[in-house]
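Geometric and topological summary
Residues per chain, in single letters:
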Amino acid sequence: MKWSRFGSFLLIAVIIIGLAAGTTMKLWRQIPLGLDLKGGISLLYKIEPVNNEPLTQAGIEAALQAVETRVNSLGVSSPQINLENGNEISVQLAGAFNQAQAEQIIGETAVLQIYGNIKMGKDNKPVPVPGTLLITGRDMESNATAGLDSTTGQPVVDVTFKNKALWAKITKEYLGKTVYTFLNGNLIQSATVQSVIENGQTQISGVGSMQQAQQLAKELNAGSLPYPLKQIASTNVGPQLGAASLRATLYAGLVAIVLIFLFMIAIYRLAGLIADIAIIAYAYLTLLVFAGFPITLTLPGLAALILGMGIAVDANIITYERIKDEVRNGRSLQSATIAGSKRALRTILDSNATTFIAGLVMFWFGQGDVRGFAIALMVSIIVSLLTAVFLSRTMLLQLTKSNLFRNPAWYGARKGGAGK
Amino acid sequence: MNVKFDIVRRRAWFFTLSSLITVAGLIVFLVSGFNLGTDFKAGSQVQIQLNEKVHTAKVDEWLSDAGLPVASSNVTVAGLNGETAIIRFPEVLTNQQINTLTNDVTKVFPNALQPQVNTVDPFVANQTSRKAVWAVLLASLFIVIYVAIRFEYRFALAGIVALLHDAFIVMSVFALFRVEVNLTFVAAVLTIVGYSINDTIVIFDRIRENMKLTPPKSYEELQDLVNQSLWQTMTRSINTVATVLIAALMLFFFGGQSIHDFTLALIVGLISGAYSSIFIAAPLWVVWRGRSYIRKTQVESA
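It should be emphasised that the depicted structure is a prediction, and the values quoted were computed from it without experimental measurement. Residue numbering note: each chain is counted from 1, following its sequence as written. As they are written, the chains are lettered A onward and the ligands numbered 1 onward, keeping that order. Whole-chain, interface and lining totals are the exception, using all residues; otherwise, since this is a predicted model, local features are given only for residues with pLDDT of at least 70 and side-chain atom pairs are given and counted only at 80 or more. Only hydrogens and water are set aside when side-chain values are computed; all heavy atoms of the structure are taken into account.

A separate point is the interface of chain B and chain A. Each side of the interface is counted separately: chain B has 61 residues, and chain A has 67 residues. Carbon and sulfur atoms make up 64% of the surface buried where chain B meets chain A, a total of about 5700 Å² over both sides. Counted as salt bridges are all cases of a side-chain nitrogen of Lys or Arg within 4 Å of a carboxyl oxygen of Asp or Glu. Our count for the chain B to chain A interface comes out at 6 salt bridges. Between N or O atoms, a polar contact is any pair within 3.5 Å; within protein, one atom must be a potential hydrogen donor and the other a potential acceptor, and residues adjacent in sequence are included only when both atoms are from side chains. Our enumeration of links across chain B and chain A arrives at 13 residue pairs in polar contact (both at pLDDT 80 or more). Secondary structure elements are defined from DSSP: runs of H or I of at least 4 residues count as helices, runs of E of at least 2 residues count as strands, and each element is numbered from the N terminus. Of all elements in the fold, only helix 3 (95–108), strand 5 (116–120), helix 4 (122–150), helix 6 (183–213), helix 8 (234–254) and helix 9 (260–301) of chain B reach the threshold of two or more residues within the side of chain B that touches chain A. A contact between two residues is defined here by any heavy atoms of the two lying within 4.5 Å. Once two parts are brought into contact, the accessible area they lose, counted with a 1.4 Å probe and summed over both, makes up the buried area.

The structure is reproduced here in structure tokens:
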């Protein structure tokens, strides 16, 4: 009887359960949740080349930059903007807000152009005369503001041109004549130049409601996009739906854990108890990894973690079955534990390596959900190797060396059971 | 060890059974094909948790009042209590249409949560499905290489046959029951690929070990050895699939609506994976490995 061995066994168990019980909630709160769990919208844009010319690296970066400026103008907390597949921009916004408005601000370019002459187009719509383009929104400072015109009371947008000399030259040339302002191809204002403007400022009227004026000011300030963006996918998850999924999956996980715990104890008795402690350590360590990096947890990711629990349990089952074999072959409990664990390790490594390879390939080729799943799968394989193999082996060895429970029946094995 | 049921020598049964299932699956495929979700087919999918019993007629009426009529076959009822409506639009909804849906839903269904809208452009749908197929093929290829290095190529081939068998059965079940195939389904098939080979390797590992301990001298002995190895690992095979199934079943019954199809694929795949590891992969390896024994016997008797 060696109480010190049993003491260290108890110590390990107490530390694991204590740590898990004490800090799990704190860790959980640090894990960033995916949009499918907390709600939000996810948008995917394709950067379209202009005039069939290939996209340039600088242009792509500028587009990314412009999207970032635009998203920031929405005031959403911690938006995620990533370049995918070389020519796609994904934007993820958490929380609930107006999807249409967000899409408009991110994806649409306010093309503001001032022309010197117009003509009637096909469907009786005024169109600019080619070659009379005077100046565009690209030449403006990012300080456009919306306001009300002091005389008419109509909403207007005040803008400033970067090149003051150019604007002065234009207003001089067109003094007393009319210039035509087009927004996104539609004529919104035709105004007679009253005086030469030296300070580069001007006012755009005909912009609709105050809200639309503010929107236009925002779009102008966000700068023009070097390439047009085409929205190719959008996903919108209501926050309540996300919370409902999270609650349901966590509940399912909890029920599964309790059932697996009971199953393991019923079949492997004390060894099953050790496996259960190893599962607690597994769950705790995975949360630690997710909170530490941090890795965003999605719904498929959560499913992978619960499945990973199955992998962790499998490692224990392989080891225990191996030990039972060794006991059947007539070894003492202690030497069976040592030999069985050693032999089982190779099996576990080979079988987990193949699953890990599948995870790696998924990570490489997957997008979004599949990636979240692959990361969770790989994390859970590594963690389960640590807990199910090394931790539960150490605990089992301490317990058998303590000689407190010498009868193999304590471990669900029978000495010399099925004869040779 | 007293050998119980002789699995290896009854392999013809299992090969026939699996062939029948595979052929049945193939016919289902050819006849009906997949029920592709928006991830693979362009369009919009709106999922609304109504929090009341879904009546398709009522949803239809609401949609046509909102100016977005769809064929009633595009409205499906989902969720444990049938309280979630899934509406598929063959075209990509505009922002205005989505806004209309979002604003209108609570007028007709007072307890409804905000609709979840997924929209996919044909271009993305195409790219996604191509990537999914590549992922499965490449994962299989890398697994073959790994197993061929760690074991031998015949184990790798037998393992891959079992793996594709499982992936195929999962796909057949989805085609048969018209369950929607989306990106998470791909993740599920990939998990099955990983699990199936994992399960098979444990048995192969035992065969490899027994081959070293007592190298069989004849085809008969080889069959006995594999059969023994199967029974030595049987408890593990059953206990493991039982625990993983517990987790998958709980996710199926209590997990959220959005992973319902995912866990269904897992459950089918797990059962098929456990079955194919024991009844397909190992006997198949015996057939391949046994050839050299049969040849040797022929040479000796000649």
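Right, let's get into the domain arrangement of chain A. We note that the domain assignment places domain 1 (2–34 + 238–411), domain 2 (40–108 + 228–234) and domain 3 (112–218) within chain A. The straight-line distance from the C-alpha centre of domain 1 of chain A to that of domain 2 of chain A is 40 Å. Note that domain bounds follow an automatic or database assignment of domains.

Residues and elements named next belong to chain A. Counting through the fold element by element, N236 comes out in strand 13 (residues 229–237). The class of N236 is buried, set by a relative accessible area of 9%. C-alpha of N236 to C-alpha of A266: the two residues are 30 residues apart in sequence and 45 Å apart in space. For the exposure calls, accessible area comes from a 1.4 Å probe over protein chains only, and a residue counts as buried if that area is under 20% of its type's maximum, exposed if over 50%, partly exposed in between.

Residue pairs three or four apart in sequence face the same way in an α-helix, which turns once every 3.6 residues. Compared with the 16 Å implied by 1.5 Å per residue over 12 residues, the 17 Å span of helix 6 (residues 210–221) of chain A between its first and last C-alpha is a close match. A213, Q215, L216, A217, E219 and L220 of chain A are the residues of helix 6 of chain A that are buried. Working rule for helices: expected span equals 1.5 Å times residues minus one.

All right, on to the UniProt feature "transmembrane region" (unreviewed entry) in chain B then. UniProt's feature table lists "transmembrane region" (unreviewed entry) at residues 12–34, 132–149, 156–177, 183–204, 238–256 and 262–288 of chain B, given in the numbering used throughout. When the span residues 156–177 of chain B is considered, its composition is 95% helix and 0% strand, and the gap between its end C-alpha atoms is 32 Å. UniProt positions are given in the numbering used here, feature names are shortened, and annotations may be inferred rather than shown by experiment.

With that settled, the discussion passes to the domain arrangement of chain B. You can read the domains of chain B as domain 1 (11–37 + 124–301) and domain 2 (43–120). A C-alpha centroid distance of 39 Å is found between domain 1 of chain B and domain 2 of chain B.

As a further point, take the packing of aromatic side chains. The way to describe two aromatic rings as a pair is by their centre distance and the angle between their planes. Classification of ring pairs rests on two measures: the distance between centres of Phe, Tyr or Trp rings, Trp counted by its six-membered ring, which must be within 6.5 Å, and the angle between planes, read as stacked under 30 degrees, edge-to-face over 60 and tilted in between. What the rule picks out here adds up to 14 aromatic pairs over all chains. Relative to F182 of chain A, the ring of Y115 of chain A lies with its centre 5.5 Å away and its plane at 90°, an arrangement referred to as edge-to-face. Taken together, the residues span a long stretch of sequence, with Y115 of chain A in strand 4 (residues 112–115) and F182 of chain A in strand 10 (residues 178–183) at a distance of 67 residues. Taken individually, Y115 of chain A and F182 of chain A each receive the classification buried, so the pair is uniform in this respect. Each ring, one from F252 of chain B and one from F253 of chain B, has its centre 5.3 Å from the other, and the planes form 75°; the classification is edge-to-face. Since its relative accessible area comes to 17%, F252 of chain B is described here as buried. When its relative accessible area of 42% is taken as the criterion, F253 of chain B is described as partly exposed. Through a chain of ring-to-ring contacts, the aromatic side chains of F5, W13, F14, Y275 and F279 of chain B assemble into a single cluster.

Now for unusual backbone geometry. For the bond running from F293 of chain A to P294 of chain A, omega is -15°, close enough to zero to count as cis. In this structure, P294 of chain A sits in the loop between helix 7 (239–292) and helix 8 (299–328). Unusually for a residue other than glycine, R269 of chain A sits at a positive phi of about 50°. Assignment of secondary structure puts R269 of chain A in helix 7. You can call R269 of chain A partly exposed: its relative accessible area is 43%. At N51 of chain B, a residue that is not glycine, the phi angle is positive and equals roughly 60°. As for its position among the elements, N51 of chain B is in the loop between strand 2 (43–49) and helix 2 (56–65). You can call N51 of chain B partly exposed: its relative accessible area is 29%.

This next bit is on the confidence of the model for chain A. How sure the predictor is of each residue is captured by pLDDT, a score from 0 to 100. Summarising the model, chain A shows a mean pLDDT of 82, and 93% of its residues fall at 70 or more. Here residues 416–420 of chain A is modelled with pLDDT under 50, and outside its nearest four sequence neighbours on either side it reaches 7 contacts, counting other chains as well.

Our focus in this paragraph is the packing of helix 7 of chain A against helix 8 of chain A. Residues and elements named next belong to chain A. For the pair helix 7 and helix 8, interaxial distance at closest approach is 7 Å and the crossing angle is 10°. When the axes of helix 7 and helix 8 are compared, the pair comes out roughly parallel. Classifying every residue of the contact of helix 7 with helix 8 by side-chain character gives 22 nonpolar, 7 polar and 2 charged. Between N-to-C directions, angles span 0 to 180 degrees; the directions come from axes that are lines fitted to C-alpha atoms, helices contributing only their stretch in contact. Throughout, the term roughly parallel applies to angles under 35 degrees, roughly antiparallel to angles over 145, roughly perpendicular to angles from 65 to 115, and oblique to all others. Throughout, the ten residues Ala, Val, Leu, Ile, Met, Phe, Trp, Tyr, Cys and Pro are labelled nonpolar, Asp, Glu, Lys and Arg are labelled charged, and all others, Gly among them, are labelled polar.

It is worth spelling out the pattern of salt bridges at this point. What the rule picks out here adds up to 19 salt bridges over all chains. The salt bridge partner of E326 of chain A is R331 of chain A, with a shortest N-O separation of 2.9 Å. In this structure R331 of chain A comes out as partly exposed when scored by relative accessible area, which is 34%. Residues joined by salt bridges that share partners form a network here, namely R322, E326, R331 and R343 of chain A together with E209 of chain B.

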